[in-house]
4 protein chains.
Amino acid sequence: MSRYQSIKEQAYEANMQLPKLGLVLFTFGNVSVVDRSAGVFAIKPSGVPYEQLKPDQIVVVDFDAKIVEGSNRPSSDTKTHAVLYRHWEHIGGIVHTHSTYATAWAQAQRDIPIFGTTHADHLTTDVPCAPPMSDEMIRGDYEHETGFQIINCFRERKLSCEEVEMVLVGNHAPFTWGRDAAKAVYNAAVLEEVARMALLTEQINPQAPRLKETLIKKHFERKHGPGAYYGQGC
Amino acid sequence: MSRYQSIKEQAYEANMQLPKLGLVLFTFGNVSVVDRSAGVFAIKPSGVPYEQLKPDQIVVVDFDAKIVEGSNRPSSDTKTHAVLYRHWEHIGGIVHTHSTYATAWAQAQRDIPIFGTTHADHLTTDVPCAPPMSDEMIRGDYEHETGFQIINCFRERKLSCEEVEMVLVGNHAPFTWGRDAAKAVYNAAVLEEVARMALLTEQINPQAPRLKETLIKKHFERKHGPGAYYGQGC
Amino acid sequence: MSRYQSIKEQAYEANMQLPKLGLVLFTFGNVSVVDRSAGVFAIKPSGVPYEQLKPDQIVVVDFDAKIVEGSNRPSSDTKTHAVLYRHWEHIGGIVHTHSTYATAWAQAQRDIPIFGTTHADHLTTDVPCAPPMSDEMIRGDYEHETGFQIINCFRERKLSCEEVEMVLVGNHAPFTWGRDAAKAVYNAAVLEEVARMALLTEQINPQAPRLKETLIKKHFERKHGPGAYYGQGC
Amino acid sequence: MSRYQSIKEQAYEANMQLPKLGLVLFTFGNVSVVDRSAGVFAIKPSGVPYEQLKPDQIVVVDFDAKIVEGSNRPSSDTKTHAVLYRHWEHIGGIVHTHSTYATAWAQAQRDIPIFGTTHADHLTTDVPCAPPMSDEMIRGDYEHETGFQIINCFRERKLSCEEVEMVLVGNHAPFTWGRDAAKAVYNAAVLEEVARMALLTEQINPQAPRLKETLIKKHFERKHGPGAYYGQGC
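What counts, and where the lines are drawn
Residues numbered from 1 in each chain as written. Chains lettered and ligands numbered in written order. Predicted model: local features only at pLDDT ≥ 70, side-chain atom pairs only at ≥ 80, totals over all residues. Heavy atoms only, no water. UniProt positions renumbered as here; feature names shortened; annotations may be inferred. Helix = DSSP H or I, 4+ residues; strand = E, 2+ residues; numbered from the N terminus. Rg over C-alpha atoms; globule rule 2.2 N^0.38 Å. Buried < 20%, exposed > 50% of the residue type's maximum accessible area, 1.4 Å probe, protein only. Least-squares fit on C-alpha atoms with pLDDT ≥ 70 in both. Contact = heavy atoms within 4.5 Å. Pairing = 2+ DSSP bridges. Axes fitted to C-alpha atoms, helices over the stretch in contact; angles between N-to-C directions. Buried area = accessible area lost by both parts, 1.4 Å probe. Salt bridge = Lys/Arg side-chain N within 4 Å of Asp/Glu carboxyl O. Polar contact = N/O pair within 3.5 Å; in protein donor to acceptor, adjacent residues only side chain to side chain. Phe/Tyr/Trp six-rings, centres within 6.5 Å; stacked < 30°, edge-to-face > 60°. Lys NZ or Arg CZ within 6 Å of the ring centre and 35° of its normal. Expected span 1.5 Å × (residues − 1). Parallel < 35°, antiparallel > 145°, perpendicular 65-115°, else oblique. Left-handed = near helix turned anticlockwise from the far one by under 90°. Nonpolar A, V, L, I, M, F, W, Y, C, P; charged D, E, K, R; others polar. Core = buried A, V, L, I, M, F, W, Y, C linked by side-chain atoms within 4.5 Å.

For chain A, an unreviewed UniProt entry supplies the name L-ribulose-5-phosphate 4-epimerase and the organism Chitinophaga japonensis. What the UniProt record of chain A gives under Catalytic activity (unreviewed entry) is the line "L-ribulose 5-phosphate = D-xylulose 5-phosphate". Check the Sequence similarities (unreviewed entry) section of the UniProt entry for chain A; it says "Belongs to the aldolase class II family. AraD/FucA subfamily."

And the structure:
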């Protein structure tokens, strides 16, 4: 019995949600779950189809992306996860997908504008799109640098990773996170839907205005802070 | 055995139709059923996923949105439902969703033009889009005011809630209703399909004309009034 | 045992294909099957949901749309079917749907251009869109006139109902037909896919050219005429 | 027991993946598997619906498309497969579909631009669209010439069939291939997704730039060559 059994099972369950939610084709995605006290995280093995994935195949690595337990090679995006866990101390799970609409916005290199309350219920800013990396970063330790591209984007824009739990990496695809893997998966599905609605909104009305500030604030406060009244509390 | 057992079960059944019809992601929707004689309505609890929902969790509230029966917090949209039931005396059920295409039209802040008979079989006007609320209304009792935003839109446009059983709330999402919850759910699905077809119509022909008046009238009369001949009577 | 048992069962089976193929929402469609020797056809009853439909509910009517057998009211589109059977002597089944993309083209009042071999494998012309009816026709016997609108469109354009087994009725929706109901249902699904591909083609390249004549001819001859070599013969 | 049992079963299994992956409507597609040592390939029979297909119905033909085993007529596209097998000595399986988005790009007669890493993980060039055939080629041995149209396109553009495992045939539809039939089917699904994302990318940002060269190179090398580190090795 592995001492990492709990995060391996959580990672397995969360990974299996991605095909159910229609967020991945073949192996185009991965979820990880962190164990802060042990300084490790559990992540999907690279290139294994979801229908064949077993909890035992989940790989445990440390924050340098070195394998701690598991006989498979971890996801090729492991270093990106490692950088995010190292810098953002309160996140518990990370999801990477190539979900269709979110990826299209990333390829278009545009932030997703906040057009309505579906978006505002989850974050009060546009969904940020980090610019494509410099040639130097790409030629370096690519997946490692992808993590920094995200961190730098949040720093420059003064965004909080606890308020904004999703990002697009320009030319690439989305990453989402949360207090645990289930929340990170939830955010991945929300992002895909918000991305789809935003494109449709612009197609219906190319001059569609962003949501006005009073409405953004109102919807956010329904879920956050001392006056929150959405959900059963938790 | 609750004296509200019947409306609780109807509300449960109607809520469970939303994911089957592809109208909700996660918890983004709710259905209510009114009992006019008791002056209460049954509504989905807030933030409970559909796959975990049980009839016992349905909350019964009065027209001031005060809980009459149930240990869960009711949907965060409860006050909007309450306002509609109070003002529109003949409706029996209300549905709120964030279905993709209808929400995109709401975000685009446009009425859905009546382009064909699929639309005209259900209503003979464009689907109205109520404007976003004033800042004053938003800062006030938000969900309560959302109800008035809908009521005011119908008053100003001289629309009947029995002829037009659907509305978009600008920047937000659709509400539909009907003589009972099943009809309200039916209308939510019809609205989503009409919203999708209307966008496609404009993409195929940006100059597509609205349906001409003779055809609107003809299709509506097939289902309504003394000469109706569609369906098995009921 | 009804003497019309065979066409009633064929009509039932063909109607049940429509929801399986994703061509109908709720009751928005119907299929009929003709018995030429008896001068009648079997058609879906009006307003009955597919999940509740039973073979016994299928209604048998003559070419004046008068009920010959059955206790339900026949589809509200019955007179349109009757006109087509009366004028086109070799068709054996008719389908009417409000399938999303085909209906959008009908609402846009445009023929569907022949852009590729998927289309050319089935018909060598654009899919015709009959114009909306004159006010006089609409105020008259509406569904009866819908049939004539289709017949007239084919006459004016010199189209053969055996070569072109589908039509859009402007502002309304598609009708398809074939030697039997199964072929008519097949054509309804082909039309929906061709309609979808044609919109996408124009979105990818607004100057996309129609298929050139040599290619149209080649693909059609693969399935028709003395040199046909597609399929197992039949 | 046929001496071709193995390729017949592989062809059957691969063909049955097409409807599961949503890549075919009715009979609009086919997969073949080659046996190089025997100089034959196994291919779907023409016009047989997938739900009725049995391994025994798979037809075995030689590289002149002459039947070696089987009582059914082979796919009408058999000669195209034969030409590709004859010219490209290292491919083991071929897929032809009319999948919706890839076919729309073929009808639009445009290469699919490389916009992101989803594309770059699989090929480092735009997806080539071979031009429609000359009238002379169409009037000749059509399916045979379709093969040459593909071969010529790759020659003129100096593309390698081992690096680029997919092509669009202008006005027609896609072909994909790979070291075996499973890889060819995988490529058909990847192509459809890449085609869909590319259209969405252009809709979100009509000026979306192609992926820059450093990023193309980086992603390709993750899967290819001596420094490859994606997947479990194989």
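(A) Inspection of the overall build of chain A at higher detail. Looking only at helices and strands, chain A has eight helices and eight strands in total. Its C-alpha atoms give chain A a radius of gyration of 18 Å, within 12% of the compact-globule value 17 Å for 234 residues. The principal-axis extent of the C-alpha atoms belonging to chain A is close to 55 × 45 × 35 Å. Buried positions account for 62% of the 234 residues belonging to chain A.

(B) Quick peek at the relation of the copies chain C and chain D. The operation relating chain C to chain D is a screw motion whose rotation component is 90°, with 0.0 Å of axial translation and a residual RMSD of 0.0 Å. Taken together, the rotation and translation relating the two chain copies correspond to the operation of a four-fold axis. For chain C, the residue whose C-alpha comes nearest the rotation axis is Gln203 of chain C, separated from it by 5.9 Å. Comparing contact sets, just 3% of the residues at the interface of chain C also lie at the interface in chain D, consistent with a heterologous contact between different surfaces.

(C) Spotlight on the sheet that holds strand 5 (residues 93–97) of chain B. All names here are of chain B. Read across the open sheet, the eight strands follow the order 4-3-2-1-5-8-7-6; overall the sheet is mixed. The open sheet has two free edges, formed respectively by strand 4 (67–69) and strand 6 (129–130), since each of these has just one partner strand. Bridge count between strand 5 and strand 8 (residues 174–178): four bridges; the pairing is antiparallel. The residue bridging Val95 from the neighbouring strand is Thr176, located in strand 8. Against the sheet, helix 3 (residues 100–108) makes contact with strand 6, strand 7 (166–169) and strand 8, and its axis sits at roughly 55° relative to strand 7, the strand it touches most.

(D) Representation of the relation of the copies chain A and chain B. Screw-axis analysis of chain A against chain B gives a translation of 0.0 Å along the axis, an RMSD of 0.0 Å, and a rotation angle of 90°. Comparing interface residues between copies, only 3% of those in chain A also lie at the interface in chain B; the contact surfaces differ.

(E) Local environment of the interface of chain A and chain B. Across the contact, 32 residues belong to chain A and 35 residues belong to chain B. Together, the buried faces of chain A and chain B total about 3,000 Å²; carbon and sulfur atoms form 56% of this surface. Counting the contacts that link chain A with chain B gives one salt bridge. Scanning the region where chain A abuts chain B turns up twelve residue pairs in polar contact (both at pLDDT 80 or more).

(F) Quick peek at the pairing of strand 5 (residues 93–97) of chain C. Residues and elements named next belong to chain C. Of all five residues in strand 5, five are buried, a share of seventy percent or more. Sheet topology note: the strand 1 (residues 29–35)/strand 5 ladder contains five bridges and is antiparallel. Each residue of the ladder has a partner; that of Ser32, found in strand 5, is Ile94.

(G) Expanded view of unusual backbone geometry. The phi dihedral of Phe26 of chain A falls on the positive side, at around 50°, and the residue is not glycine. Non-glycine residue Asn171 of chain B carries a positive phi angle of around 70°. Tracing the chain through its elements places Asn171 of chain B in the loop between strand 7 and strand 8. What makes Asn171 of chain B buried here is its relative accessible area of 2%.

(H) Here's a closer look at the packing of aromatic side chains. Within the structure shown, the criterion is met by 32 aromatic pairs over all chains. Members of the aromatic cluster, each reached through a chain of ring pairs, are Phe26 and Phe28 of chain A together with Tyr186 of chain D. Here Lys44 of chain A stacks its cationic end above the ring of Tyr50 of chain A, 4.9 Å away from the centre of that ring.

(I) Examining the interface of chain C and chain D more closely. On the side of chain D, 35 residues touch chain C, which itself brings 32 residues to the contact. Summing both sides of the interface, chain C and chain D together bury roughly 3,100 Å²; the carbon and sulfur share of this comes to 56%. At the boundary of chain C and chain D, one finds one salt bridge. With a closest N to O distance of 3.2 Å, Lys212 of chain C and Asp135 of chain D form a salt bridge. Linking chain C to chain D there are twelve residue pairs in polar contact (both at pLDDT 80 or more). Only helix 4 (117–120), helix 7 (181–204) and helix 8 (213–223) of chain C provide two or more residues apiece to the side of chain C that touches chain D.

(J) Spatial organisation of the pattern of salt bridges. Residues and elements named next belong to chain C. Applying the stated criterion across every chain, the model contains 32 salt bridges over all chains. With a closest N to O distance of 2.9 Å, Glu202 and Arg110 form a salt bridge. Of this pair, Glu202 sits in helix 7 while Arg110 is found in the loop between helix 3 (100–108) and helix 4, placing the two residues 92 residues apart along the sequence. A residue is classified by how much of its surface remains accessible, and Arg110, at 24% relative accessible area, is partly exposed.

(K) Region of the structure containing the sheet that holds strand 7 (residues 166–169) of chain C. Residue and element names in this part refer to chain C. One open sheet holds the eight strands; their spatial order is 4-3-2-1-5-8-7-6, and the pairing between them is mixed. Here the strands that pair on one side only, and so sit at the sheet edges, are strand 4 (67–69) and strand 6 (129–130). Sheet topology note: the strand 3 (residues 59–62)/strand 4 ladder contains two bridges and is antiparallel. For Val61, the partnering residue across the bridge sits in strand 4 and is Ile67. In the packing of helix 1 (residues 5–20) onto the sheet, contacts are made with strand 1, strand 2 (40–43), strand 3, strand 4 and strand 5, and the angle to strand 1 comes to roughly 155°.

(L) Layout of the pairing of strand 1 (residues 29–35) of chain A. All names here are of chain A. Across the seven residues of strand 1, seven count as buried, placing the element largely inside the fold. Going residue by residue along strand 1, you find Gly29, Val31, Val33 and Asp35 tucked away on one face and Asn30, Ser32 and Val34 tucked away on the opposite face as well. When strand 1 meets strand 2 (residues 40–43), the two strands line up antiparallel, connected through four bridges. Across the sheet, Val34 pairs through a bridge with Phe41, a residue of strand 2. A loop of four residues connects strand 1 with strand 2, the two strands running antiparallel in sequence, and Gly39 in this loop sits at a positive phi of about 70°.

(M) Layout of helix 7 (residues 181–204) of chain D. Residues and elements named next belong to chain D. If you check helix 7, its first and last C-alpha atoms are 35 Å apart, about what 24 residues at 1.5 Å a residue would give, namely 34 Å. Counting buried residues in helix 7 gives 20 out of 24 residues, a clear majority hidden from the surface. Its side-chain oxygen placed 3.3 Å from the backbone nitrogen of Ala182, Asp180 serves as the N-cap of helix 7.

(N) The arrangement of the packing of helix 7 (residues 181–204) of chain B against helix 3 of chain C in detail. For the pair helix 7 of chain B and helix 3 of chain C, interaxial distance at closest approach is 8 Å and the crossing angle is 55°. Regarding the angle of helix 7 of chain B to helix 3 of chain C, the classification is oblique. Two packed elements cross with a definite hand, and for helix 7 of chain B against helix 3 of chain C that hand is right-handed. Residues Glu193, Arg196, Met197, Leu200, Thr201 and Ile204 of chain B of helix 7 of chain B touch helix 3 of chain C, and the partners they reach there are Thr100, Tyr101, Thr103, Ala104, Trp105, Gln107 and Ala108 of chain C. Each residue belonging to the contact of helix 7 of chain B with helix 3 of chain C can be placed in one class, and the counts come to seven nonpolar, four polar and two charged.

(O) Geometry of the nonpolar core. Residues Trp88, Ile112, Ile150, Leu168 and Trp177 of chain C are the most contacted members of the largest nonpolar core, which totals 47 residues. The element best represented in this core is helix 7 of chain C, accounting for seven residues.

(P) Spatial organisation of the environment of Val164 of chain D. Residues and elements named next belong to chain D. Position of Val164 among the secondary structure elements: in the loop between helix 6 (142–156) and strand 7 (166–169). Distance in space between the C-alpha atoms of Val164 and Val127 is 7.8 Å, their sequence separation being 37 residues. Those residues within four positions of Val164 in sequence are excluded, and the remaining contacts are Leu123, Thr125, Pro128, Phe154, Leu159 and Trp177.

(Q) View of the side chain of Thr176 of chain D. Within the fold, Thr176 of chain D resides in strand 8 (residues 174–178). Residue classification places Thr176 of chain D among the buried residues on the basis of a relative accessible area of 2%.

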